[in-house]
Amino acid sequence: MAQALQVGVVSLFPDMFQAITEYGVTRRAVEQQLLQLHTWNPRDFTHDKHRTVDDRPYGGGPGMLMMVEPLRAAIAAAKEGVGDNPRVIYLSPQGKKLDQQGVQYLSQFSSLVLVAGRYEGIDERVIEADIDEEWSIGDFVLSGGELPAMVMIDALARQVPGVLGHQDSAAEDSFVAGLLDCPHYTRPETLDGKKVPSVLLSGNHDKIRQWRLQQALGRTWLRRPELLTDLALTDEQQRLLDEFKANYQL
Ligand SMILES: CN1CCN(C(=O)c2nonc2N)CC1
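Throughout, residues of each chain are indexed from 1 in the direction in which the sequence is written. It should be noted that, the model being predicted, local features are given only for residues of pLDDT at least 70 and side-chain atom pairs only at 80 or more, the latter also being counted only at that level, while totals for whole chains, interfaces and linings use all residues. Note that water and hydrogens are dropped before the side-chain values are worked out from all heavy atoms of the structure.

Labelled according to an unreviewed UniProt entry, the chain appears under the name tRNA (guanine-N(1)-)-methyltransferase, originating from Aliidiomarina minuta. UniProt positions are given in the numbering used here, feature names are shortened, and annotations may be inferred rather than shown by experiment. The UniProt entry for the chain carries this comment under Subcellular location (unreviewed entry): "Cytoplasm". Its UniProt record gives the chain the following Catalytic activity (unreviewed entry) comment, quoted word for word: "guanosine(37) in tRNA + S-adenosyl-L-methionine = N(1)-methylguanosine(37) in tRNA + S-adenosyl-L-homocysteine + H(+)".

Draft legend 1. Representation of the side chain of Ser111 within the structure. Mapped onto the secondary structure, Ser111 falls in strand E6 (residues 111-115). Here a polar contact is recorded for every N or O atom pair within 3.5 Å, except that within protein the pair must consist of a potential hydrogen donor and a potential acceptor, and residues adjacent in sequence are included only if both atoms are side-chain atoms. Among the polar contacts listed, one links the side chain of Ser111 to the backbone oxygen of Gly83, at a separation of 3.4 Å. There is a polar contact of 3.2 Å between the side chain of Ser111 and the backbone oxygen of Asp84. Sequence-distant contacts of Ser111, defined by excluding residues within four places in its chain, comprise Gln6, Val82, Gly83, Asp84, Asn85, Pro86 and Arg87. Helix and strand labels come from DSSP, where a helix needs a run of H or I of at least four residues and a strand needs a run of E of at least two; each type is numbered from the N terminus. The contact criterion used is simple: two residues touch if any of their non-hydrogen atoms lie within 4.5 Å.

Draft legend 2. Examining the pairing of E6 more closely. Taking burial as the measure, the five residues of E6 include five buried ones, the bulk of the element. Strand pairing is defined by DSSP finding a minimum of two bridges between the two strands. Note: strand E1 (residues 5-10) against E6, five bridges, orientation parallel. In the sheet register, Gln6 faces E6, and the bridge partner there is Ser111. One ladder, built from four bridges, connects strand E5 (residues 87-97) with E6; its direction is parallel. Bridged to Ile89 within E6 is Leu114. A clockwise course of the path from the first strand over the helix to the second, judged with the strands pointing away from the viewer, identifies a crossover as right-handed. For the handedness criterion, the β-α-β arrangement of E5, helix H4 (residues 100-106) and E6 is classed as right-handed. With a 1.4 Å probe rolled over the protein chains alone, any residue whose accessible area is under 20% of its type maximum counts as buried; one over 50% counts as exposed, and the rest are partly exposed.

Draft legend 3. Inspection of a nonpolar patch on the surface at higher detail. Patches were defined on residues exceeding 30% relative accessible area and lacking a salt bridge, with like-charge contacts within 9 Å and nonpolar side-chain contacts (Val, Leu, Ile, Met, Phe, Trp, Tyr) within 5 Å. Each accessible area is a Shrake-Rupley result for a 1.4 Å probe, and residues are judged covered by the shown protein chains and nothing else. Only one rule defines a salt bridge in this text: a Lys or Arg side-chain nitrogen within 4 Å of an Asp or Glu carboxyl oxygen. Nonpolar side chains collect at one region of the surface, where Phe140, Leu142 and Leu147 lie side by side and expose about 270 Å² of accessible area between them. Tracing the backbone through its elements, the reader meets Leu142 in the loop between strand E7 (133-136) and helix H6 (146-157). For Leu142, a relative accessible area of 39% gives the class partly exposed.

Draft legend 4. A look at the side chain of Gln215. Within the secondary structure, Gln215 is located in helix H8 (residues 205-223). Here Gln215 falls in the buried class, since its relative accessible area comes to 19%. Non-local contacts of Gln215, meaning those with residues more than four positions away in its chain, are made with Cys182, Pro183 and Phe244.

This is the structure:
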């Protein structure tokens, strides 16, 4: 039995996570119990009449922070609920930038607690005491940590054996780690006068593989050359890239 990914999420808006539990690959992962997702809402850990979950920042200034007590209670409950000594992650712009290498690294943890902040964030002492790692999905400011948490869960679920059917995993395999994807085409054969590249109609699977690899290498060189500096290309990949460069008309 493939090891399932256990995820506990701390969020004021747990219903948002239906966006991954109710659709597509991640829905199937939940149905197959390869992904188990449970939410803990700090509001359920309040004791005042108004169920207060925000609090004012010391030093004044705009905005609020997540109130400490209900947040810490929700984190503790999530850690207990997920069990197996989960890695606790806080999503924030101050975190390490998530990329596929980061996804591979995080795939080592079979149980996670993801803390989705709202307002201006959470008390620094909570980060120091309760959070193991801070991660960011990009250098921009969102309204909360729920979408970043869902991005991370989606990417991690795809790493769980059995989640991607053969068809998808084959597509993933054909994609060389660290390269941009090649162009894709489907019907009609001619669209607005533009024909599908003939190699894709040839039925010659190795020629098609080489064309797709060369396109991925060429695209990466043109659009994200910095990704190539960390890659050790095979002789075939280097030959294909050199050929792409030689043929490229600026
Ligand atoms: C308090 N809240 C502020 C907004 N936020 C983000 O912008 C974010 N999270 O992860 N990557 C990001 N970018 C989440 C946390």
